[in-house]
Amino acid sequence: MKKILKIFLIVLISFITIDTLQAIIFDNSPLIKIDNERGIFVNHYLCNNEKVTTWKWAKFACYEEVKEEKYSKIIDNIRIELSILKDWHYEQINSEDSKFTLKLYKDSKDKYATLNFYNNPFVVCATGRTSKEITLNNGIKAFIGYYDESIWSDISFYELNPNIAFINNNLLDDQNEFLEMVKTLNIENYKL
């Protein structure tokens, strides 16, 4: 009986050791688990779509990857808020025609769009122009203007503020991704 118990313990310890080693070496979940994430000597996590296996005694915290940055600016008691995706860049630039201009681009500073807060209401030439209505995440309607059916020219927000519009400056490849950011735009009166 003692011999069978010894063999059983040796097999069990060997299995636990091999299971723990395979989990650490290959970043796998251990086969012998206390619950979904915790093994006997290791913990296994899914963090930002990556597998992470750590020893029990190691401290580990999964920080969610930042997918977007909240941008906010107040101009003339109007707050403009926008979620900017992680891979996009932005910078405030000076313009004679507007109180505020925010340049947004992904890979090239030469292919960008600007968010403008004009001194006067935004107007366009209607000749050869078509427009499409989109709904922002806050339920407000915006209008995308086209002079060429495939590339947007401008986006206006008359329901929110007639002086605010996006202008496309050679932003060709990332139009759909950019429009997802546009849908996060919020414009509201700001009172101190």
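Everything here concerns the structure above.
Residues numbered from 1 in each chain as written. Predicted model: local features only at pLDDT ≥ 70, side-chain atom pairs only at ≥ 80, totals over all residues. Heavy atoms only, no water.

### Re the sheet that holds strand β6 (residues 98-105)
Across the sheet, seven strands lie side by side as β5-β6-β7-β11-β10-β9-β8; this open sheet has antiparallel pairing. At either end of the open sheet lies a strand with only one pairing partner, and these are β5 (89-93) and β8 (130-135). Recorded for the sheet is a direction-independent mean angle of 25 degrees between the axes of neighbouring strands. As paired strands, strand β10 (residues 151-156) and strand β11 (residues 164-169) are joined by three bridges and run antiparallel to one another. When the bridges of β11 are listed, I155 appears paired with F166. In the packing of helix α2 (residues 175-182) onto the sheet, contacts are made with β6, β7 (112-118), β8, β9 (141-148), β10 and β11, and the angle to β10 comes to roughly 10 degrees. (Pairing = 2+ DSSP bridges. Helix = DSSP H or I, 4+ residues; strand = E, 2+ residues; numbered from the N terminus. Axes fitted to C-alpha atoms, helices over the stretch in contact; angles between N-to-C directions. Contact = heavy atoms within 4.5 Å.)

### Observations concerning the sheet that holds strand β12 (residues 186-189)
An order of β3-β4-β12 is seen for the three strands of this open sheet, with the pairing classed as antiparallel. On the outer flanks of this sheet lie β3 (68-75) and β12, each paired with one strand and no other. Strand-to-strand twist across the sheet, computed as the mean angle between neighbouring axes with direction ignored, equals 20 degrees. Pairing geometry for strand β4 (residues 78-85) and β12, over four bridges, is antiparallel. Looking across to β12, one finds that I80 is bridged to I187.

### Focus: the side chain of T114
Mapped onto the elements, T114 comes out in strand β7. Separated by 3.0 Å, the side chains of T114 and N116 make a polar contact. When sequence neighbours within four positions are dropped, the list of residues in contact with T114 reads I93, T101, L102, K103, A165, F166, I167 and N169. (Polar contact = N/O pair within 3.5 Å; in protein donor to acceptor, adjacent residues only side chain to side chain.)

### Brief notes about empty space enclosed by the protein
Counted by the stated rule, this structure contains one cavity of 30 Å³ or more. Its volume calculated, the largest cavity comes out at about 40 Å³. Along the walls of the largest cavity sit I16, D19, T20, P30, I32, G39, I40, F41 and V42, which together make up its complete lining. With three residues, helix α1 (residues 2-26) is the single largest residue contributor to the lining of the largest cavity. Counted by class, the lining of the largest cavity contains six nonpolar, two polar and one charged residues. (1 Å grid on protein atoms, 1.4 Å probe; cavity = no way out; pocket = protein on both sides within 12 Å on 5 of 7 lines; lining within 4 Å. Points joined across faces, edges and corners; volume = space filled by probe spheres on them. Nonpolar A, V, L, I, M, F, W, Y, C, P; charged D, E, K, R; others polar.)

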